[in-house]
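Coordinates in review
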Amino acid sequence: MPPRPALNPDPANRAWAPAPAPAPGLLAMRGKLLPLAGLYLVQGLPYGLQSGLLPVLLRARGLSLTRVGLAKALYAPWLFKLVWAPLVDTRGSPRAWLTLSTAALGLVCGLLASHPPAAAGQAGLPVTVAGLLLLLNLAAAVQDVALDTLAVRLLEPAELGPGNTVQVVAYKLGAVLAGGGLLAFVPTLSWPLLFLLLAAAYWLAAALTWVAPALRQLPTPLPSEHPRHTLHLGQDLLAVPGTLWTVGFVLTYKLGEQGTSGLFPLLLLDCGISAPELGLWNGVGAVACSIAGSSLGGALLARRRQPLPLLKSALQFRLGGLACQTAVLFHLDSPGASLAPSTVLRGAALLSLCLQHFLGGLVTTTTFTLMMRCSQLAPSALQQATHYSLLATLELLGKLLMGTLAGALADSLGPRLCFSVFLALSAMPMLYLGLAPNTLA
């Protein structure tokens, strides 16, 4: 979001004079970041809907943690972005792909408005609603590839920090609007009205995408005369300097955090915290802290801080925060523990949510900057957006794998042992960071 015009004091006459005009480079960067921010915001809506709203509603209906976790299988289209990433790279313009995929999101939301969720007493989601949510993820995944294509081509090396901050912050803001925000308004906002509003937002975003000046200036890539075989393409992608190490890191750096962030709110729900209050803290409050952490990461990177040293410090703080949350969990799982209002344990539990999201935002922004830096090392003959889509897909695979299995782990091992495993998994990336290649320094 661009800063508001400021007034600077004139020391000579102590009068207030208008601030100097922004540098042309700053204006150019704003012209790039504003449309990217709007598109990443609407892209985060499906994620917030399914990660913040549906798990709490399903758990409130009495579903086991295992079945709630398995509902994350609706994210499956995100794992196949490499199927259409080469098409987005080489066929048509990014603006056309963005416009069509965003309009498709609006169409699916319009269809969801006419299909209400499960009736009282029905376990799980109706097949029609689940299928439409699957299509929603498919359209959002196509939009994500097109948006990554724009980001890789638009942003200069000096703009990677602010650009990735905008990406993460806007995406999470969209997620909180569709997740925690909806939990607070679902009792008064009907299902049809909710999805009609989402459809209107997507169609407006599609229209703005088509007319945005920064997006219209992008050249249309020429079709490749000698398209690579899938196997050769994969080998070429992995041969880019630093890619193998980055693949290992993005697969593992979120395992422990993803397990705790998915389970801890549901355990608080079991302990008596209401769904609206949980939506306020885990949705609005926690994601606001996550946005603050992402903004801090972007500010530090913009001041020429290198991603790897910053990531090392952020991972250390995150491990300490997770240790505190695990200690709170141990107290919650003990006899006589109470989450009644005004108790210290209740405050510690809710604050631990915010702390983990703050540190998670800092880690995520720094990691995405590292991913984009690695993708920019790819030769021009190898499409950089396809390389970035590979890294982003594997990053999501690591999070989705643990998010899906966390409930089953908690049901089989119990909360205490389960969170101890998550704590150990959070320590692994700190050790792995010591093996980072010099090409990413």
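For the protein, an unreviewed UniProt entry supplies the name Major facilitator superfamily domain-containing protein 3 and the organism Delphinapterus leucas. What UniProt states about the protein under its Subcellular location (unreviewed entry) heading is, verbatim, "Membrane".

1. Here we look at the overall build of the protein
Counting its secondary structure elements, the protein contains 17 helices and two strands. Expressed as a percentage of its 441 residues, the buried residues of the protein come to 50%. Considering only contacts in the protein between residues 6 or more positions apart, those separated by 24 or more positions represent 85%. As displayed, the protein has an accessible area near 19,600 Å², and 70% of this comes from carbon and sulfur atoms.

2. Comments concerning the environment of Leu 53
Residue position: Leu 53 is located in helix 1 (residues 24-60). For Leu 53, a relative accessible area of 1% translates into the label buried. The sequence separation of Leu 53 and Ala 178 amounts to 125 residues, and the corresponding C-alpha distance is 7.6 Å.

3. Quick notes on the environment of Ala 410
When you line up the elements, Ala 410 lands in helix 16 (residues 384-413). We classify Ala 410 as buried; its relative accessible area is 8%. Ignoring anything within four residues of it in the chain, the contact list for Ala 410 reads Leu 65, Leu 263, Pro 415 and Cys 418.

4. As for the pattern of salt bridges
In this structure the tally under the stated criterion is three salt bridges. Between Lys 399 and Glu 395 there is a salt bridge whose closest N-O contact spans 3.3 Å. In this pair, Lys 399 and Glu 395 are both assigned in helix 16, four residues apart and thus about one turn of the helix distant. By relative accessible area, Glu 395 is classed as buried at 3%.

5. Topic: the packing of helix 14 (residues 307-332) against helix 15 (residues 344-375)
Direction vectors running N to C along helix 14 and helix 15 enclose 155 degrees, while the axes themselves pass 9 Å from each other. On the basis of their axis angle, the class for helix 14 and helix 15 is roughly antiparallel. Along this stretch, helix 14 crosses helix 15, giving a crossing that reads as left-handed. A per-class count over the contact of helix 14 with helix 15 returns 19 nonpolar, eight polar and two charged.

6. Digging into helix 12 (residues 255-270)
For helix 12, spanning 16 residues, the distance from its first C-alpha to its last is 23 Å, which sits close to the expected 22 Å at 1.5 Å a residue. When you tally the buried positions in helix 12, you get 13 out of 16 residues, the bulk of the element. Taken from the residues just after helix 12, Gly 272 is the one with a positive phi, measuring 115 degrees.

7. Some remarks on a nonpolar patch on the surface
On the surface, Leu 204, Leu 208, Trp 210 and Val 211 cluster together into a nonpolar patch covering about 410 Å² of accessible area. Inspection of the secondary structure assignment puts Leu 208 in helix 8 (residues 191-211).

8. Focus on the nonpolar core
If you look at the biggest cluster of nonpolar residues, it comprises 76 residues, and the most contacted ones within it are Leu 133, Phe 195 and Trp 245. With 15 residues, helix 5 (residues 127-154) is the single largest residue contributor to this core. Mapped onto the domain boundaries, this core takes at least three residues apiece from domain 1 (32-218) and domain 2 (230-440). Formed by 26 residues, the second largest nonpolar core is a distinct cluster that contains Val 68, Leu 332, Met 402 and Ala 410.

9. Side note on the packing of helix 12 against helix 14
In contact at an axis separation of 12 Å, helix 12 and helix 14 are set at 30 degrees when each is read in the N-to-C sense. As judged from the angle between their axes, helix 12 and helix 14 are roughly parallel. Both helix 12 and helix 14 take part in a crossing whose hand is left-handed. From helix 12, Glu 257, Thr 260, Phe 264, Leu 267 and Leu 268 reach across to helix 14, where they touch Arg 318, Leu 322, Gln 325, Val 328, Leu 329 and Leu 332. Its residues assigned to classes, the contact of helix 12 with helix 14 comprises seven nonpolar, two polar and two charged.

10. Remarks on the packing of aromatic side chains
Remark: the centre distance and the inter-plane angle together describe each pair of aromatic rings, the angle taken between the planes. Overall, the coordinates contain five aromatic pairs when judged by the stated rule. On the basis of an interplanar angle of 10 degrees and a centroid distance of 5.3 Å, the ring pair of Trp 245 and Phe 249 is categorised as stacked. Highlighted residues: Trp 245 and Phe 249, both in helix 11 (residues 243-252), separated by four residues, approximately one helical turn. Considered together, Trp 245 and Phe 249 belong to a single accessibility category, that of buried residues. Between Phe 249 and Tyr 253, the aromatic rings sit 5.4 Å apart at their centres with planes inclined by 20 degrees, giving stacked as the arrangement. In terms of burial, Phe 249 and Tyr 253 fall into one category: buried. Feature note: the residues Trp 245, Phe 249, Tyr 253 and Tyr 432 constitute an aromatic cluster, connected by ring pairs.

11. Considerations on helix 8
Taking 1.5 Å of rise per residue, 21 residues should cover 30 Å, and helix 8 covers 31 Å from first to last C-alpha, within 8% of that figure. For helix 8, the full list of buried residues reads Trp 191, Leu 194, Phe 195, Leu 198, Ala 199, Tyr 202, Ala 205, Ala 206 and Thr 209. Each buried residue of helix 8 sits inside an arc of 135 degrees when the element is viewed along its axis, so together they form one side. Projecting away from the buried face of helix 8 at angles above 90 degrees are the exposed residues Leu 197, Leu 204 and Leu 208.

12. As for the confidence of the model for the protein
Considering every residue of the protein, the mean pLDDT works out to 78; 78% of them sit at 70 or more. Of all helices and strands in the protein, the one with the weakest mean pLDDT is strand 1 (residues 7-9) (38), whereas helix 11 scores best (93). Note that residues 1-24 has pLDDT below 50 and, in this model, 19 contacts with residues that lie over four places away or in other chains. Across residues 219-227, confidence stays below pLDDT 50; counting only partners more than four residues off in sequence or on other chains, it has 13 contacts.

What counts as what
Residues numbered from 1 in each chain as written. Predicted model: local features only at pLDDT ≥ 70, side-chain atom pairs only at ≥ 80, totals over all residues. Heavy atoms only, no water. UniProt positions renumbered as here; feature names shortened; annotations may be inferred. Helix = DSSP H or I, 4+ residues; strand = E, 2+ residues; numbered from the N terminus. Buried < 20%, exposed > 50% of the residue type's maximum accessible area, 1.4 Å probe, protein only. Contact = heavy atoms within 4.5 Å. Areas by Shrake-Rupley, 256 points an atom, 1.4 Å probe, with all protein chains shown as cover. Salt bridge = Lys/Arg side-chain N within 4 Å of Asp/Glu carboxyl O. Axes fitted to C-alpha atoms, helices over the stretch in contact; angles between N-to-C directions. Parallel < 35°, antiparallel > 145°, perpendicular 65-115°, else oblique. Left-handed = near helix turned anticlockwise from the far one by under 90°. Nonpolar A, V, L, I, M, F, W, Y, C, P; charged D, E, K, R; others polar. Expected span 1.5 Å × (residues − 1). Patch = residues over 30% accessible without salt bridge, like charges linked within 9 Å, V, L, I, M, F, W, Y side chains within 5 Å. Core = buried A, V, L, I, M, F, W, Y, C linked by side-chain atoms within 4.5 Å. Domains from an automatic or database assignment. Phe/Tyr/Trp six-rings, centres within 6.5 Å; stacked < 30°, edge-to-face > 60°. Arc of directions from axis to C-beta. pLDDT = per-residue confidence, 0-100.

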